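Each chain, written out:
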Amino acid sequence: MAKVAFKVTLTSDPKLPFKVFNVPEEAPFSAVLKLAAEEFKAPAQTSAIITYYGEGINPSQTAGNVFLKHGSELRLIPRDRVGGSEC
């Protein structure tokens, strides 16, 4: 079973901590998002993973497809910290 590695950086922390995740390339990317959010103690339901260049990633594809399209360096953003304007 082939694996892919993602270096995920937590962008909401000024120190920019990161973790490396090795997952099967057939794994759903939504599972990678959940794993990364749990590791950084962020709520998975309100978090997003973006590329190093700020492009959003659709979590309904496999980890292998994300790796091929976007590479290994990704960023986790807890959505409750993005936008933040109250109506």
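Refer to the structure presented above.
Residues numbered from 1 in each chain as written. Predicted model: local features only at pLDDT ≥ 70, side-chain atom pairs only at ≥ 80, totals over all residues. Heavy atoms only, no water.

Undergrad: What exactly am I supposed to notice about helix α2 (residues 63-70) here?
TA: Side chains that are three or four residues apart share a direction in an α-helix, a result of its 3.6 residues per turn. Residues of α2 that are buried include every one of Ala-63, Gly-64 and Val-66, and no others. Projected down its long axis, α2 carries its buried residues within an arc of 165 degrees, all on one side. Exposed positions of α2 whose direction lies more than 90 degrees from the buried face are Leu-68 and Lys-69. Looking at the buried residues of α2, the elements they touch are β1 (3-10), β2 (18-24), α1 (29-39) and β4 (73-78). Where α2 ends, the next residue or the one after it, Gly-71, has phi of about 90 degrees, a positive value. (Buried < 20%, exposed > 50% of the residue type's maximum accessible area, 1.4 Å probe, protein only. Helix = DSSP H or I, 4+ residues; strand = E, 2+ residues; numbered from the N terminus. Arc of directions from axis to C-beta. Contact = heavy atoms within 4.5 Å.)

Undergrad: Before we go on, may I ask you to explain unusual backbone geometry in this structure?
TA: Within the chain, Leu-16 stands out as a residue other than glycine whose phi angle is a positive 50 degrees. As for its position among the elements, Leu-16 is in the loop between β1 and β2. Even without being glycine, Lys-41 reaches a positive phi, approximately 55 degrees. By secondary structure assignment, the location of Lys-41 is in the loop between α1 and β3 (47-51).

Undergrad: Help me understand the pattern of salt bridges, please; the structure alone is not making it clear to me.
TA: Charged atoms that come close allow side chains of opposite charge to pair. In this structure the tally under the stated criterion is one salt bridge. Residues Glu-39 and Lys-19 are paired through a salt bridge, measuring 3.5 Å at the closest nitrogen-oxygen approach. Of this pair, Glu-39 sits in helix α1 while Lys-19 sits in strand β2, and the two are 20 residues apart along the sequence. Accessibility expressed as a relative area gives 30% for Lys-19, which makes it partly exposed. (Salt bridge = Lys/Arg side-chain N within 4 Å of Asp/Glu carboxyl O.)

Undergrad: Explanation requested: the pairing of β3 in the structure shown.
TA: Looking along a regular strand, one sees side chains alternate from face to face of the sheet. The buried fraction of β3 is high, at five of five residues. Taking every second residue as pointing to the same face, both faces of β3 are buried, with Ser-47, Ile-49 and Thr-51 on one and Ala-48 and Ile-50 on the other. Relative to β4, β3 runs antiparallel, the two being bridged by five bridges. What sits directly across from Thr-51, in β4, is Leu-74. (Pairing = 2+ DSSP bridges.)

Undergrad: Got a minute to help me understand the environment of Glu-55 in this structure?
TA: Along the polypeptide, Glu-55 turns up in the loop between β3 and α2. Residue Glu-55 is classed as partly exposed on the basis of its relative accessible area of 47%. If we ignore the near neighbours within four places in the chain, the residues touching Glu-55 are Ile-50 and His-70.

Undergrad: Can you walk me through the packing of aromatic side chains in this structure?
TA: Pairs of aromatic rings are described using the distance from one ring centre to the other and the angle between the two planes. Enumeration according to the criterion identifies three aromatic pairs in this entry. Centre to centre, the rings of Phe-6 and Phe-29 are 5.7 Å apart; their planes meet at 75 degrees, and the pair counts as edge-to-face. Placement of Phe-6 in strand β1 and of Phe-29 in helix α1 is noted, with a sequence separation of 23 residues between them. With relative accessibility at 1%, the residue Phe-29 sits in the buried group. Site record: aromatic cluster; members linked through ring pairs are Phe-6, Phe-29 and Phe-67. The side chain of Lys-7 reaches across the aromatic face of Phe-18, ending 4.5 Å from its centre. Across the ring face of Phe-40, the terminal group of Lys-19 is positioned such that the distance to the ring centre comes to 5.7 Å. (Phe/Tyr/Trp six-rings, centres within 6.5 Å; stacked < 30°, edge-to-face > 60°. Lys NZ or Arg CZ within 6 Å of the ring centre and 35° of its normal.)

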